[in-house]
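Each chain, written out:
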Amino acid sequence: MGDEPVDDLPIEGQPIENLPVGETLAAVEATPPLVHHLTNDVTTSETANVTLHWGGLPVMADAPAEAGDMAAGADAVVINTGTASTTDVDAMVDAGRRANEAGVPVVLDPVGYGATPHRVESVGRLLDAVAFDAIKGNAGEVRGLAGEEATVRGVESVGEPDAGLPDAARALAAETGAVVVASGPTDVVADGERAYEVSAGHERMGSFVGSGCMLASTLGTFAAVVGEGAEPPSSTTEAALAACVAYGVAGEHAAERDPAGPASYRTAFMDAVAALASERPALDAASRIEEV
C-alpha cells in the first residue's frame, strides 16, 4: 500500500514522484515513535490526539525537573511557544539541548512570533540554544523569523501570505539549517536550497483552534522515523512533504463527510487521520507538490 519509495529528493527542476507517504505511515506504525511535546496550554489535547491517531506515542512532560530527561529518551521533540512563560522556555531550552545531544529530532512551532517582545525573545533564546531539524510556522511567523516585515495579531498571520513566501522559507532554512514549513492555504516546505508548494487541505481546517499546532505534531511524528531501517523517509525534507500531504488529505476527507459545524468537523478530521494511518491508501502525492 502507499507509494513506491525513493532514495532521495529529485535534483532541481525534476518533479517529485512516488513520495513515500504510505511507507512513512507504515514506519510510524512499526516503531511507534515517542513524541515529547512542550506545547501550549490551549491545544495540548489536540496535539496529543493527532500524534496518537497517526500512530505515535504522545507525552507532554513540560516540568523543568523532567523535560530534559524525557527529551533524551524520546524519538522526537516538538516545542511550541504559544503560551510559554520564562520558566517554560527554560525547560524548552533544556529539552532541546538534551535532544540534540541524544540525536533526537526537534521541531519548533514559534506560535505568535512577532506579536510581543516576550515571544520574540523566547524564540530567539531557543534558536540560539537548540539546533532544530524543522521549524513550522504560519506565513507571518516565517517571514518575521526570516527578517522580513510581517504582521502577527495574537497568534494569527495578517496580510498577503503567498507573495515571496517560498523565498523567505528558503532563507530561514539556510540560516538555521532546519527544514521550514510555512503553513497556509498552500503549504510551503523549504530547505536551504529548494522550496516546494504543497496543495492539499480544505478551508474548514481553519475552523477550529489548534490545526496549526497539530501540523507541527504531525511533522514531529513523521520526522521521528527518518532513517529508521531501509524504509523511507530518508530525510527531514521528505518527511515534511509527506506530513503536509497526509495532513491536508485528511482535511479533505473530513470535509467530504459534510460535518454540521466546526466541532463535528474537528471530530471528522481526527477520524480521517486515524483512517489514513490504518488504511494507508495510495496517494498521488506528486500531483500535489510543485517546486518553486
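A quick note: this is a predicted structure, and the numbers were derived from the prediction, not measured.

Caption draft 1: Structural detail: the overall build of the protein chain. If you tally the helices and strands in the protein chain, you get 10 helices and 11 strands. Classification of the 292 residues of the protein chain by burial places 53% in the buried group. Taken as a whole, the protein chain presents about 11,800 Å² of accessible surface, with 47% of it coming from carbon and sulfur.

Caption draft 2: Representation of the pairing of strand β10 (residues 195-198) in the model. Both strand β9 (residues 187-190) and β10 contribute to a ladder of four bridges, which runs antiparallel. Within β10, the position partnered with V188 by the bridge is E197. In sequence, β9 turns back onto β10 through a hairpin of four residues. For β10 and strand β11 (residues 289-291), the ladder comprises three bridges, and the chain directions are antiparallel. The partner of V198 across the bridge, within β11, is I289.

Caption draft 3: Inspection of the packing of helix α9 (residues 236-256) against helix α10 (residues 262-279) at higher detail. The geometry of α9 relative to α10 is characterised by a closest axis approach of 8 Å and an angle of 125° between their N-to-C directions. Considered as vectors, α9 and α10 are oriented oblique to each other. Remark: the crossing between α9 and α10 carries right-handed chirality. Contact with α9, carried on its side by A246, Y247, V249, A250, G251, H253, A254 and A255, involves Y265, A268, F269, A272, V273 and L276 of α10 and no other residues of that element. Residue composition of the contact of α9 with α10, by class: 12 nonpolar, two polar and no charged.

Caption draft 4: The arrangement of unusual backbone geometry in detail. Look at D258: it is not a glycine, yet its phi comes out positive at around 50°. On the secondary structure map, D258 appears in the loop between α9 and α10. Of the residues examined, D258 reaches a relative accessible area of 61% and is grouped as exposed. Although it is not a glycine, R280 sits at a positive phi angle of roughly 45°. Positionally, R280 belongs in the loop between α10 and β11.

Thresholds applied
Residues numbered from 1 in each chain as written. Predicted model: local features only at pLDDT ≥ 70, side-chain atom pairs only at ≥ 80, totals over all residues. Heavy atoms only, no water. Helix = DSSP H or I, 4+ residues; strand = E, 2+ residues; numbered from the N terminus. Buried < 20%, exposed > 50% of the residue type's maximum accessible area, 1.4 Å probe, protein only. Areas by Shrake-Rupley, 256 points an atom, 1.4 Å probe, with all protein chains shown as cover. Pairing = 2+ DSSP bridges. Axes fitted to C-alpha atoms, helices over the stretch in contact; angles between N-to-C directions. Parallel < 35°, antiparallel > 145°, perpendicular 65-115°, else oblique. Left-handed = near helix turned anticlockwise from the far one by under 90°. Contact = heavy atoms within 4.5 Å. Nonpolar A, V, L, I, M, F, W, Y, C, P; charged D, E, K, R; others polar.

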